[in-house]
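Letter by letter, the chains look like this.
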Amino acid sequence: AAGEGGFMERLKLLSLPFTHLAASGGVNPTSQNPEDWVQISMGDDKEVLSFTDGDAGSVGASASVCRGAALGVALEVMYSPFGEIGNPQLKIVAARASHSFGALSFMRPDPSRAQTFQFSATLSFVRLDDTTDRETAVPPHPPLPRLLPHDLFYPFRLGSSG
């Protein structure tokens, strides 16, 4: 079952076809700048496959079960807003992938016939900031000087008209 390199590695079962995500939407796909890309961390979730080849049950179906099989892959993308509070720009800050495992049961009466199995792939986005703790910093108005310079309205002249 597991063999050399593992079942999932040999068959590329439920593996992601990429290792990095662009940190923002404006990244050139040919960019070599490491700050433009976020590496996807892969979970160390591995299970040992075990196979039981049972006899046909009362309904005539095979009782073969493979336990510890990868049934799904989940990609979780964490993002956070950067920049101005009034116009934040969202940026990916981390990503991780993990697998879900379970049992595959062969239920066909004829073991030489193929059977379909259901696998899943999920994608979720998680915001990594707390917007309720934000405070908008508004600086106080600057004080006006009490004495204005004599040439404040130059080239206009102040005078009395009479």
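One can find the structure itself at the top, above this paragraph.
Read on for a plain summary of the structure. Counting of residues starts from 1 at the beginning of each chain's written sequence and follows it residue by residue. Note on the predicted model: pLDDT of at least 70 is required for a residue's local features to be given, and 80 or more for side-chain atom pairs to be given and counted; whole-chain, interface and lining totals, by contrast, use all residues. Hydrogens and waters are ignored; side-chain quantities use all the structure's heavy atoms.

**What about the overall build of the chain?**
Logical step 1: By the criteria applied, helices consist of DSSP H or I runs no shorter than four residues and strands consist of E runs no shorter than two, each listed in order from the N terminus. Summing up its helical and strand segments, the chain has one helix and six strands in all.
Logical step 2: For the chain, the α and β elements follow one another from N to C terminus as α-β-β-β-β-β-β.
Logical step 3: It only takes one pair of heavy atoms within 4.5 Å for two residues to be counted as in contact. Pairs at least 24 residues apart make up 57% of the contacts formed inside the chain by residues separated by at least 6 positions.

**Looking at the packing of aromatic side chains**
We describe a pair of aromatic rings using the distance from one ring centre to the other and the angle between the two ring planes.
Logical step 1: Two rings from Phe, Tyr or Trp (for Trp, the six-membered ring) form a pair when their centres are within 6.5 Å of each other. A pair whose planes differ by under 30 degrees is stacked, one over 60 is edge-to-face, and the rest are tilted. Tallying each qualifying case throughout the model produces zero aromatic pairs.
Logical step 2: Charge-over-ring contacts are defined here by two conditions on Lys NZ or Arg CZ: a distance within 6 Å of the ring centre and an angle within 35 degrees of the ring normal. Over the ring of Phe82 we find Lys91, and its NZ or CZ is 5.5 Å from the ring centre.

**Quick word on a nonpolar patch on the surface**
Logical step 1: Like-charged residues are merged into a patch within 9 Å and nonpolar side chains (Val, Leu, Ile, Met, Phe, Trp, Tyr) within 5 Å, provided each residue has over 30% relative accessible area and no salt bridge. The Shrake-Rupley method, run with a 1.4 Å probe, gives the accessible areas here. Residue values count only the displayed protein chains as cover. Salt bridges are defined by distance alone: a side-chain nitrogen of Lys or Arg within 4 Å of a carboxyl oxygen of Asp or Glu. Together, Leu148, Leu152, Phe153 and Phe156 give the surface a local cluster of nonpolar side chains, amounting to about 470 Å² of exposed area.
Logical step 2: Residue position: Phe153 is located in the segment after strand S6 (120-127).
Logical step 3: Classification of Phe153 as partly exposed rests on a relative accessible area of 48%. Only protein chains enter the accessibility calculation, which uses a 1.4 Å probe; a residue whose area is less than 20% of its type maximum is buried, one above 50% is exposed, and one in between is partly exposed.

**Some remarks on the nonpolar core**
Logical step 1: In these notes, a set of buried Ala, Val, Leu, Ile, Met, Phe, Trp, Tyr and Cys residues joined through side-chain atoms within 4.5 Å is what counts as a nonpolar core. Leu21, Ala23, Val38, Ile40, Leu75, Val77, Ile92, Ala95 and Ala97 form the largest nonpolar core, which has nine residues in total.
Logical step 2: Among the secondary structure elements, those contributing two or more residues to this core are strand S2 (37-42), strand S4 (65-82) and strand S5 (89-105).
Logical step 3: For this core, the leading source of residues is S5, giving three residues.
Logical step 4: For Ala95, the contacting residues outside a window of four places in its chain are Leu21, Val38, Gln39, Ile40, Ser41, Glu76, Val77 and Met78.

**Looking at the pattern of salt bridges**
Logical step 1: Under the counting rule described, the total for this entry stands at two salt bridges.
Logical step 2: For Arg96, the salt bridge identified is with Glu76, shortest N-O distance 2.5 Å. Pair noted here: Arg96 is in strand S5 and Glu76 is in strand S4, with a separation of 20 residues, a long-range link.
Logical step 3: For Arg127, the salt bridge is made with Asp129, and the minimal N-O distance between the two is 2.6 Å.
Logical step 4: Classification of Arg127 as partly exposed rests on a relative accessible area of 36%.

**A word on the environment of Gln89**
Logical step 1: When you line up the elements, Gln89 lands in strand S5.
Logical step 2: Assessed through its relative accessible area of 46%, Gln89 is described here as partly exposed.
Logical step 3: On a C-alpha basis, the gap between Gln89 and Gly25 in space is 9.8 Å, while along the polypeptide they are 64 residues apart.
Logical step 4: Of the polar contacts made by the side chain of Gln89, one reaches the side chain of Asn87; its length is 3.3 Å. Whenever a nitrogen or oxygen atom comes within 3.5 Å of another N or O atom, the pair is scored as a polar contact, on the condition that within protein one atom can donate a hydrogen and the other can accept it, and that pairs from neighbouring residues in sequence are kept only if both atoms are in side chains.

**Brief notes about the environment of Ser124**
Logical step 1: Of note, Ser124 is situated in strand S6.
Logical step 2: For the pair Ser124 and Ala95, spaced 29 residues apart in sequence, the C-alpha to C-alpha distance is 10.0 Å.
Logical step 3: Beyond its immediate stretch of four places on either side in the chain, Ser124 contacts Leu75, Glu76 and Val77.

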